[in-house]
Amino acid sequence: AEGELQTRNVDFVYQPILDAQGRVEGIFVQGSDVTDHVAALEALSEGEARFRTIANLVPQMIWSTLPDGFHDYYNQRWYDFTGVPEGSTDGEAWSGMFHPDDQPSAWARWRHSLATGEPYEIEYRLRDRHGEYQWVLGRALPVRDASGAIVRWMGTCTEIHELKRVQQALEASQAALRATDRQKDQFLAMLAHELRNPLMPISTAAHVLKLGGQDDGEVRQTAEIIERQAWHMRALVEDL
């Protein structure tokens, strides 16, 4: 019976066959069926193309590294944000895009993740295409094979500059409010102290005046009013 025709991929090796005098007397030809290998490469290429398409659709910056941390891929969003030529931040060149003050901590955190396999997460300032530094949130997770070995790192950079600016403004407002509260407390403490000092002599003088005016009803009544109001003021000061 006739079988169905199939297209196969064959890898040929040609090797000359030499006689005793070193002359070519024939050609040895060996063919190996590599159809499955070619199909696997094509599937891998198609999968990579799909990944790149999806990676370029998302609004985040996406990057990828080899197991040792060598950066070998950035999506289009990275190049749109940074404005650098494609491939110019491969390897370790990405660190130069960070604010100088943020580079040591970013490097230390990244090396820790590479050594331990722990997730990478850090906030740093990234230079944009206009030369200005914008706050971003950097994250990365390891991709492991069936045996648990890390075969790649996949990371993202998310712009958080506006969120960071609002957060810093809120922190500044809270600091100012705490400073105002401290000043208020200091003022009230000083005010209470300054008001408390003269009240005791006033109360004492009113009491003495009342004792000395036992025979004078008007003097005694006035002294009682002074004494009563002095105690009332003292209670207000204590509440203050």
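Our structure is the block above this text.
These remarks concern the structure in this document.

Cut-off values and rules
Residues numbered from 1 in each chain as written. Predicted model: local features only at pLDDT ≥ 70, side-chain atom pairs only at ≥ 80, totals over all residues. Heavy atoms only, no water. Helix = DSSP H or I, 4+ residues; strand = E, 2+ residues; numbered from the N terminus. Buried < 20%, exposed > 50% of the residue type's maximum accessible area, 1.4 Å probe, protein only. Contact = heavy atoms within 4.5 Å. Areas by Shrake-Rupley, 256 points an atom, 1.4 Å probe, with all protein chains shown as cover. Expected span 1.5 Å × (residues − 1). Arc of directions from axis to C-beta. 1 Å grid on protein atoms, 1.4 Å probe; cavity = no way out; pocket = protein on both sides within 12 Å on 5 of 7 lines; lining within 4 Å. Points joined across faces, edges and corners; volume = space filled by probe spheres on them. Nonpolar A, V, L, I, M, F, W, Y, C, P; charged D, E, K, R; others polar.

## Some details on the overall build of the chain
Here is step 1: Across its full length, the chain holds five helices and seven strands.
Here is step 2: Secondary structure elements of the chain occur, N-terminal to C-terminal, as β-β-α-β-β-α-α-β-β-β-α-α.
Here is step 3: Taken across its 240 residues, the chain has 24% of its residues classed as buried.
Here is step 4: Counting only contacts in the chain whose residues sit at least 6 apart along the sequence, the fraction spanning at least 24 positions is 40%.
Here is step 5: Only carbon and sulfur atoms are counted for the fraction: they give 55% of the accessible area of the chain, which is about 16,400 Å².

## Focus: helix α3 (residues 103–116)
Here is step 1: Spanning 14 residues, α3 covers 20 Å between terminal C-alpha atoms, matching the ideal 20 Å at 1.5 Å per step.
Here is step 2: Restricting attention to buried positions, one finds in α3 the residues A106, W107, W110 and S113. The arc enclosing the buried residues of α3, seen along the axis, measures out at 130°, which places them on a common side. Of the exposed residues in α3, the ones pointing more than 90 degrees away from its buried face are P104 and A115.
Here is step 3: Of the surrounding secondary structure, the elements contacted by the buried residues of α3 are β3 (61–65), β4 (71–74), β5 (120–127), β6 (133–144) and β7 (150–159).
Here is step 4: Among the residues trailing α3, G117 stands out with phi positive, at a value near 80°.

## Some thoughts on helix α5 (residues 217–239)
Here is step 1: The end-to-end C-alpha separation of α5 is 33 Å, in line with the 33 Å expected for 23 residues at 1.5 Å each.
Here is step 2: Within α5, the full set of buried residues consists of A223, E227, A230 and V237.
Here is step 3: Buried residues along α5 sit against α4 (161–212).

## Quick notes on empty space enclosed by the protein
Here is step 1: Throughout the structure, instances matching the rule amount to one cavity of 30 Å³ or more.
Here is step 2: A volume near 80 Å³ is recorded for the largest cavity.
Here is step 3: Forming the walls of the largest cavity are W63, H71, Y74, W78, W94, F98, Y120, Y124 and C157.
Here is step 4: Elements represented by at least two residues in the lining of the largest cavity include exactly β4 and β5.
Here is step 5: The residue inventory of the lining of the largest cavity, partitioned by class, reads eight nonpolar, one polar and no charged.

## Considerations on the environment of W135
Here is step 1: Relative to the helices and strands, W135 is located in strand β6.
Here is step 2: Judged by relative accessible area, W135 falls into the buried class, the value being 14%.
Here is step 3: Each C-alpha atom of the pair W135 and R165 lies 8.8 Å from the other, and the pair is 30 residues apart in sequence.
Here is step 4: Setting aside chain neighbours within four positions, we find W135 in contact with D102, E123, Y124, R125, T158, E159, I160, H161, K164 and Q168.

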